[in-house]
Structures are given as structure tokens and as C-alpha cells.
Amino acid sequence: MEYADLRVLEAVARHGSMNRAAAELHTVQSNVTTRIRVLEDEIGTALFERNSRGVVLTDAGQRLLPYATRLAALLKEAHDAARDDGTPSGSLRVGALETTAALRLPPILSAYAQAYPEVGLVVTAGTSAGLIADVLEHRLDGAFVAGPVHHADLAEEAIFQEELMLVTAPVHRRLDDLDRQRELKIIVFRSGCSYRQRLENLLAQRGIQIAQPLEFGSLETIVGCVAAGVGITLLPKAVILPAWREGRVVAHELPPEEARVDTVFIRPSKSRQSSALAAFLTIARPAPLKLVASD
């Protein structure tokens, strides 16, 4: 079994197409098909099933794919380590929650770009569940997610602390108003969002029935729907503050144990930390508090 064959396997699995995988690998489709056939003959079982829309992994292919992904990540790490002389350079792939990307990252990204222009920094927004999977599969070098995570293969470090608030239309001035609504709608990001899960748990503990959640991929759309009275949501105070001050929404305080949540940075615990990532975390970490001596 050769790495080149596993690389082809990973590309085909990701694209679901021999032709698109060939284009990415800068080769012809017949070469991709041949490599997959050789790999299947060597293992002794089919790795893909063909259908009208392309190809999908068999059970055997799904079991083999994580090894191909890890091997690719290890080889990239070895390549990057050999070239890393301590000066941040190369590529850096970072993920973040939608709210973190909007609220916390702009000054960090600006400072990093100015300090290390040789680094090609790419930021991807997503849900906690999706970002955790991307870090575990080495599609991202690290990500900001809602903590705690507690995964054996991930190192995590608290970077920010957010205060979550229940956000409603101005007509709901008190939380008790929600008890009288039938099939209350919640406006949330897609499944896998940690704030969504917290909101569902919070309402369930209060015995409030909710209808099918309305999912959106944009923070602005969620706030706009809440302001229009479509439903309610749960967001960090700092994110909702402008709309709250404008009177478009009302933000309701929650008990500290329900409101406080750490945003942690996760990265693979068994992988070497590159100079580019180390420099990024140095900028992202909050400045230490300075103690002032009293007279």
C-alpha cells in the first residue's frame, strides 16, 4: 500500500467523483481509476460503490479513509517541520464560531497580518461540532469553539469568556412572557451549534415548549428575525449589544451558571505546534492582568 494510492482515495472520497479528483490531482481520470482498482485488489475488497451521481465509500473504504487522512496530515506536518526555522511562515488554517469571528477575531487578524505577512492565514466559520471534526481530521490547524471540549486527541485553552443572553423581540419585556406562548420558535444556527443546544436545554428546564427550530447561517439574519418577532435566540452579550441599544431587541440576563461560557482554542494534542500557530496564539491570548502596588 503506497501513500500515493491513499492520497487518491482521500481525494475521490472528498469529491465523490473520479473525474473531479483527477482534476485536483492534476492527472487523468483513467489514472485515478487504475490506482483505486490496484488498491482494491491489494486489500481484497471494494472501496467505492458506483452510482449515477458518482462514487461513495463502502464500509471498508470508510474504515480506511481516516488512516489516509492522518497519514496525509503527518506527511504535511513533517514537511512543515523541516522548513520551520522559527520564523512564522507558510499556511495557517483556523476555524471559529460565527459569533467569535464577528466579535473577537477582527483585531487579532489585523495584528497578526501586520506582524507576520509571510503567513497565508485562512479563517473558516462554523459550528462547534463541525469545527471540532475539522480539527480532528486535520482540515484545520486549530479552532475557536465553545468549551469545555474534553477530547483525548485535542489540546484546549480558554481564550475568551462570553456572557450569553436570551434575546427576544421588544414585545417580550419579561422572561415570564414566554411561558404564555404556544410552540415558541427559536432562531438558531444549524445543528452542531453549542449555543443552540444551550438554548434548547434552558427552555426545557423552564418547561417551555418549542416548535421546530428555524436555522440560518447568518448572524445578521438571526438578529433580524428575532427583532421582527419571529422567535427568540441565545447569543453573547457583546454580539447583541448594538441591536439592544437601538431598541430592536431586548436582551434578558441569565443566572451566571447559565450565562457564562468559555471560548476555547483547540488543536491536535499529538501534533507539533508550528511557529505560525504559536505566534497566532500569542496574539490571541488575553493580556495578563497587571498588579498595581498599593501605598
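Residues numbered from 1 in each chain as written. Predicted model: local features only at pLDDT ≥ 70, side-chain atom pairs only at ≥ 80, totals over all residues. Heavy atoms only, no water.

Participant: Report on the nonpolar core, specifying residues and quantitative values.
Facilitator: Ranked by size, the top nonpolar core spans 44 residues in total, and within it Val145, Leu199, Leu203, Ile232 and Ile266 carry the most contacts. Once residues within four sequence positions are removed from consideration, Leu199 is found in contact with Leu166, Ile186, Val188, Ile232, Thr233 and Leu234. Ranked by size, the runner-up nonpolar core spans 19 residues in total, among them Leu9, Met18, Ala21 and Val32. (Core = buried A, V, L, I, M, F, W, Y, C linked by side-chain atoms within 4.5 Å. Buried < 20%, exposed > 50% of the residue type's maximum accessible area, 1.4 Å probe, protein only. Contact = heavy atoms within 4.5 Å.)

Participant: Run through helix H9 (residues 219–227), naming residues and quoting values.
Facilitator: By the burial criterion, the buried members of H9 are Leu219, Ile222, Val223, Cys225 and Val226. Along H9, the residues classed as buried sweep out an arc of 160° about the axis, all on the same side. Here the buried face of H9 lies against helix H5 (98–103), strand E6 (154–168), strand E7 (187–188), strand E9 (233–236) and helix H10 (237–245). Once H9 ends, the next one or two residues include Gly229, with phi positive near 85°. (Helix = DSSP H or I, 4+ residues; strand = E, 2+ residues; numbered from the N terminus. Arc of directions from axis to C-beta.)

Participant: With reference to specific residues and values, describe the packing of helix H1 (residues 3–15) against helix H4 (residues 59–83).
Facilitator: At a minimum axis distance of 9 Å, the contact between H1 and H4 shows a crossing angle of 115°. Classified by the angle between their axes, H1 and H4 sit roughly perpendicular to one another. Read as a crossing pair, H1 and H4 show a hand that is left-handed. Counted together, Tyr3, Leu6, Leu9, Glu10 and Ala13 of H1 and Leu64, Leu65, Ala68, Thr69, Leu71, Ala72 and Leu75 of H4 form the full contact between these two elements. Across the contact of H1 with H4, the residue classes tally to 10 nonpolar, 1 polar and 1 charged. (Axes fitted to C-alpha atoms, helices over the stretch in contact; angles between N-to-C directions. Parallel < 35°, antiparallel > 145°, perpendicular 65-115°, else oblique. Left-handed = near helix turned anticlockwise from the far one by under 90°. Nonpolar A, V, L, I, M, F, W, Y, C, P; charged D, E, K, R; others polar.)

Participant: Can you lay out the side chain of Ser128 for me, pointing to particular residues and giving the numbers?
Facilitator: Along the chain, the position of Ser128 falls in helix H7 (residues 128–136). Owing to a relative accessible area of 5%, Ser128 belongs among the buried residues under this scheme. A polar side-chain atom of Ser128 sits 3.2 Å from the main-chain amide nitrogen of Ala146. Discounting residues that sit within four places of it in the chain, Ser128 has contacts with Leu97, Val145, Ala146, Gly192 and Ser194. (Polar contact = N/O pair within 3.5 Å; in protein donor to acceptor, adjacent residues only side chain to side chain.)

Participant: Kindly report on the environment of Glu42, identifying the contributing residues and their values.
Facilitator: Mapped onto the secondary structure, Glu42 falls in helix H3 (residues 29–43). Of the residues examined, Glu42 reaches a relative accessible area of 44% and is grouped as partly exposed. For Glu42 and Met1, which are 41 residues apart along the polypeptide, the C-alpha to C-alpha distance reads 7.4 Å.

Participant: Explain the pattern of salt bridges to me, using residue names and the numbers behind them.
Facilitator: Enumeration over the complete set of coordinates arrives at 13 salt bridges. A salt bridge links Glu246 to Arg248, with the shortest nitrogen-to-oxygen separation between them at 3.7 Å. Each of the salt bridges in this network shares a partner with another, and the network as a whole consists of Glu10, Arg14 and Glu24. (Salt bridge = Lys/Arg side-chain N within 4 Å of Asp/Glu carboxyl O.)

Participant: Before we move on, could you go through the pairing of strand E5 (residues 142–146) and cite the residues and values that matter?
Facilitator: Burial within E5 is extensive, with 5 of its 5 residues counted as buried. The alternating pattern of E5 places Gly142, Phe144 and Ala146 on one face and Ala143 and Val145 on the opposite face, and all of these are buried. Pairing between E5 and strand E11 (residues 260–268): 4 bridges, direction antiparallel. Counted as the bridge partner of Ala146 is Thr263 from E11. (Pairing = 2+ DSSP bridges.)

Participant: So what about the pairing of strand E2 (residues 54–57)? Which residues, and what values?
Facilitator: The pairing of strand E1 (residues 48–51) with E2 spans 4 bridges and is antiparallel. Looking across to E2, one finds that Phe48 is bridged to Leu57. What sits between the antiparallel neighbours E1 and E2 is a turn of 2 residues.

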